[in-house]
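One letter stands for each residue in the lines below.
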Amino acid sequence: MNPILLPVSQRRSSFPSSTVKDTIPTTLLTPLSLDERRRVWDEVARLGVVDLDIPSETETLLNPLPPAVSQLLALLEHTKEENNRFISDAEDVLKQVDALVDIHNSVTSQTGTFQKECTNLVDELSELEVLYKDLNDQFQHFHSLESIVKTLNKNNNSEIVLKSSFHDKILVKLDECIAFVDEPRCADYKDIRVYRFRFTQCMIRALSLIRNYLVTFIRSVGEKITTKTNNANLSNIVIDALVYKDFTDNMENVYNLFVEIYKRTNGNDDYFNLLDDVYNQYFKTRGSLIMELIIQPHLRETNANFNRESLINMSNTSLKFFVKILEKEFEIFQNLFFLPPTEINEMSDIDNSMNLTAVHKFFESSLLDPLYYLLRNKILKESDIKSLCELINLLKSYSVFNIEDGNFEFQINRINFDALFKPILEDAQTRLIFIINRYVEVNIVNYKKTGKELIISNKEVNDDILSSNQIYPPIVKSIEMLTQIYQSLNQAVFDDITSSIVHLTLLSMENNFITNNTIEYKLYQIKSLLLFRDYINTFEIEHARKETVLDFSPLKSLYSRFTNQPQESIELNSNEHQSFFDRILGVIPKVINDYVDCRVELQIEIRNIVHQFIKLASNSFVDTLSTMPSSISKILDLNQKLISNIQNEIPRLQSLIDDYINDTRVETFLLDGIQEEFQTIYKSFHERLLSEKSSEGDIISQAMEPDDINRIWAETVRKLLRDDDNEVDVDDNMILRDVQQDIDNLEL
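Procedures and definitions
Residues numbered from 1 in each chain as written. Predicted model: local features only at pLDDT ≥ 70, side-chain atom pairs only at ≥ 80, totals over all residues. Heavy atoms only, no water. Helix = DSSP H or I, 4+ residues; strand = E, 2+ residues; numbered from the N terminus. Contact = heavy atoms within 4.5 Å. Areas by Shrake-Rupley, 256 points an atom, 1.4 Å probe, with all protein chains shown as cover. Core = buried A, V, L, I, M, F, W, Y, C linked by side-chain atoms within 4.5 Å. Buried < 20%, exposed > 50% of the residue type's maximum accessible area, 1.4 Å probe, protein only. Expected span 1.5 Å × (residues − 1). Phe/Tyr/Trp six-rings, centres within 6.5 Å; stacked < 30°, edge-to-face > 60°. Lys NZ or Arg CZ within 6 Å of the ring centre and 35° of its normal. Salt bridge = Lys/Arg side-chain N within 4 Å of Asp/Glu carboxyl O. Bend = angle between axes of the 7 residues up to and from the residue. Axes fitted to C-alpha atoms, helices over the stretch in contact; angles between N-to-C directions. Nonpolar A, V, L, I, M, F, W, Y, C, P; charged D, E, K, R; others polar. Lys, Arg positive; Asp, Glu negative; His and termini not counted. Polar contact = N/O pair within 3.5 Å; in protein donor to acceptor, adjacent residues only side chain to side chain. Patch = residues over 30% accessible without salt bridge, like charges linked within 9 Å, V, L, I, M, F, W, Y side chains within 5 Å.

K.L.:
Provide a residue-level description of the overall build of the protein chain, including the pertinent values.
P.N.:
The helix and strand inventory of the protein chain stands at 27 helices and 4 strands. Long-range pairs, those at least 24 residues apart, make up 79% of the contacts in the protein chain with a sequence separation of at least 6. A total of about 44,700 Å² of accessible surface is found on the protein chain, and carbon and sulfur atoms cover 52% of it.

Dropping the structure here:
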């Protein structure tokens, strides 16, 4: 164990003075015992002494150190001092660093503010530069006005339009200026309306120069061609070459100038008037050349054969001639003035619609006038329905629609012959309607029966039922006429004519056969009406005929009431609805609009004629039932006559029906209708017999029951069917069908 060395001074200051006596300075080398060392450290711990502050002189005296230790202590002291100095310097540096950080933060803050201000200044500078550029560009539009006005005012010669500078420095610049002043942002500019007006006037002036040049140029080209054709006798080939080829070659360079006006015309009336002047001069020049050199020679030749040539031949020849002219003129106009598809795609707001409208107007108002006049005169002299229908179909063949795979495709940028030939078509249809009215008046309304209507010949085979005498002639005429005019008139007009013809035909038949109330005439009417119905149903009739009538039935009722009850009192002051004034108001004639379908009207007429036939035919069976038998012999005789009538009349009626109507179903239904009518009459007779002869049992017992009559009828019909080799099962106890149901099954 190493001894603990304590200086005397340390010991003296560490322990109480009572225990440590003042001694001379000496070094205590005697080691402490364990007990002393423990007490010393315990005391140190108790006193909390960490460092004993002993003066260095005392410590030196008390504790002389070896040189090595002294050197170590000196080194430590020096190190301590250096460390303290370093710490002091470090603290100074830290203070300086803190000052520099504060300065840096201040500089950073000032730099950010400066940068922000610089950025704002740069942005403001950029905005000012943009504003300056924008203002400069805007002012350029206004500054260019003066130079444009000077250029337009000092150049009265229209040939200036041929210079490239005219397009670049005037037209394009004016387009830009007009587009600029029309912008919404310029709406509040001072005197903007004045500038807009001046720019527009300059554009009108510039386009007027183009208009003047084009008008003069087109006129000069036409005059040159006219001069060439007047100088010598030229053949038709040379004339065609001059009118078409030479004219086209001379006009090749006008498109670039024409399009300058055309593309600016959209929605501007002033520009359109300039374009219209160009159109008028072109069409005037072309119309003069075509009329004098092409059309007039053709008209002179046509007029020479006017009375000898038929309507169809003349129309066909003239239409082909004029169609050829129109196609050539359209091709020339299209090549000269139509915008190509590429330019139309670039200018989405404009197309060739104005060109199409102008050229069709030229065709309709100028080139086709001679054709209208020629065919109108020929149509007015035509009285044949077939010729007029052929002309109408010929005109419709020039439709602008093509049928491809069932679809209609309108031919864009093609001649609309429908519109061009519409005046001729209307003249032909008007004349056709007039001829139809006269035809109906003569052949239907005023028809009188000749007595040949009932001439029947089943021996001869006639394929054309319309040519036989078994059909009412007005019906034959009506069918032939309606077949001819079908699809030659508008649907509504055709439907109205058909309804009128059906109505007038039924009235004609009723008036002619009103006194001929025989079975043969009724069968003749049924056959004619059934055929008429079949033909009418083939037409696609969509409209019903409107009939306006006045209903006087309330007035008739009031008159009958007053005449039948003359003593009836009239209370003028009555509040009831039956007062005099209420009655007067109630009897005012009413206008009734009734829509009649000709097919329904025809069906009703067929039903009426069938019912009339059934009643007439049944009379031959029931003549013996007019008187009531008074004895057994008479009832037996009545029974025998009934059986004889059934067995004789049914074959006769069946043969008679077969002569007129070759339809087994119709024959069967007509016989069923007669059977039903006869059965109804006989049941009524039998019931009356039972009621009147109830006391005479013998007579009643000999009377035939309705079922017996029905059985005899069925056996007779079965025999007829067997004779005709037609196997049809007939039930003896069949239930008689109602006549109306039979007629409905026949679709009558």
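K.L.:
Run through the nonpolar core, naming residues and quoting values.
P.N.:
Membership of the largest hydrophobic core comes to 174 residues, with the highest contact counts inside it found for Phe 166, Tyr 282, Phe 421, Ile 485 and Phe 613. Filtering out sequence-adjacent residues up to four positions away, Phe 613 remains in contact with Ile 519, Lys 522, Leu 523, Ile 526, Ile 657, Leu 670 and Ile 674.

K.L.:
Got a sec to walk through helix H19 (residues 519–538)? Specific residues and values, please.
P.N.:
Helix length check: H19 (20 residues) gives 29 Å between terminal C-alpha atoms against 28 Å at 1.5 Å per residue, within 8%. Buried residues dominate H19, accounting for 15 of its 20 residues.

K.L.:
Tell me what's going on with the packing of aromatic side chains, and back it up with residues and numbers.
P.N.:
Summed over all chains, the structure comprises 33 aromatic pairs. Consider the rings of Tyr 682 and Phe 685, whose centres lie 6.0 Å apart with planes at 40 degrees: the pair is tilted. With a gap of 3 residues between them, Tyr 682 and Phe 685 both fall in helix H24 (residues 664–692), about one helical turn apart. Of the two residues, Tyr 682 and Phe 685, both sit in the buried class. Through a chain of ring-to-ring contacts, the aromatic side chains of Phe 247, Phe 258, Tyr 262, Tyr 279, Tyr 282, Phe 283, Phe 330, Phe 333, Phe 337, Phe 338, Phe 362 and Phe 363 assemble into a single cluster. The side chain of Arg 286 reaches across the aromatic face of Phe 247, ending 4.5 Å from its centre. A cation sits over an aromatic face here: Lys 378 above Phe 306, 4.9 Å from the ring centre.

K.L.:
Which residues make up the pattern of salt bridges, and what values go with them?
P.N.:
On inspection of all chains with the given rule, the structure shows 18 salt bridges. Put simply, Glu 82 and Arg 85 hold a salt bridge, and the shortest N to O gap is 2.2 Å. Highlighted residues: Glu 82 and Arg 85, both in helix H4 (residues 67–154), separated by 3 residues, approximately one helical turn. By relative accessible area, which is 27% here, Glu 82 ends up partly exposed. Residue classification places Arg 85 among the partly exposed residues on the basis of a relative accessible area of 45%. Shared partners join several salt bridges into a network, and the residues in it are Asp 175, Glu 260, Lys 263 and Arg 264.

K.L.:
Kindly report on helix H23 (residues 632–660), identifying the contributing residues and their values.
P.N.:
Its 29 residues give H23 an end-to-end C-alpha distance of 41 Å, which sits within 8% of 42 Å, the value for a rise of 1.5 Å per residue. The sharpest bend along H23 measures roughly 25 degrees and falls at Glu 649, with the proline Pro 651 sitting one to four residues further on.

K.L.:
Could you give an account of the packing of helix H22 (residues 598–622) against H23, with specific residues and numbers?
P.N.:
Look at H22 against H23: their axes get within 8 Å of each other, and the N-to-C directions meet at 145 degrees. Facing H22, whose interface residues are Phe 613, Ala 617, Ser 620 and Phe 621, H23 presents Leu 642, Asn 645, Ile 646, Glu 649, Ile 650, Leu 653 and Ile 657. Across the contact of H22 with H23, the residue classes break down as 8 nonpolar, 2 polar and 1 charged.

K.L.:
Let's hear about the environment of Lys 245: which residues, and what values?
P.N.:
Structurally, Lys 245 can be placed in helix H7 (residues 236–250). Separated by 87 residues in sequence, Lys 245 and Ile 332 place their C-alpha atoms 9.3 Å apart.

K.L.:
Report on unusual backbone geometry, specifying residues and quantitative values.
P.N.:
Look at Gln 487: it is not a glycine, yet its phi comes out positive at around 70 degrees. With respect to the secondary-structure elements, Gln 487 resides in the loop between helix H17 (473–485) and helix H18 (491–512).

K.L.:
Explain the side chain of Asp 495 to me, using residue names and the numbers behind them.
P.N.:
When you line up the elements, Asp 495 lands in helix H18. It is Arg 599 that comes nearest to the buried, bridge-free Asp 495 among opposite-charge side chains, at 7.5 Å. In terms of polar contacts, Asp 495 uses its side chain to reach the side chain of Gln 491, at 2.8 Å.

K.L.:
Account for a nonpolar patch on the surface, naming residues and giving values.
P.N.:
Taken together, the side chains of Val 69, Leu 72, Leu 73, Leu 75 and Leu 76 make up a nonpolar region of the molecular surface, amounting to roughly 410 Å² of accessible area. Tracing the chain through its elements places Leu 75 in helix H4.

K.L.:
Just give me the short version of the side chain of Ser 387, but keep the residues and values in it.
P.N.:
Relative to the assigned elements, Ser 387 resides in helix H14 (residues 385–396). Looking at Ser 387, the relative accessible area reads 16%, which means it is buried. Excluding residues that lie within four positions of it along the chain, Ser 387 makes contacts with Leu 311, Ile 312 and Glu 382.

K.L.:
Tell me what's going on with the packing of helix H8 (residues 255–262) against helix H9 (residues 269–304), and back it up with residues and numbers.
P.N.:
Taken N-terminus to C-terminus, the directions of H8 and H9 make an angle of 145 degrees; their axes are 9 Å apart at the nearest point. For the pair H8 and H9, the contacting residues are Phe 258, Ile 261 and Tyr 262 in the first and Tyr 271, Leu 274, Leu 275, Val 278 and Tyr 279 in the second.

K.L.:
Just give me the short version of the environment of Lys 169, but keep the residues and values in it.
P.N.:
As for its position among the elements, Lys 169 is in helix H5 (residues 164–181). Lys 169 gets classed as exposed once you look at its relative accessible area, which sits at 61%. Sequence separation between Lys 169 and Ser 144 is 25 residues, and the spatial gap between their C-alpha atoms is 9.4 Å.

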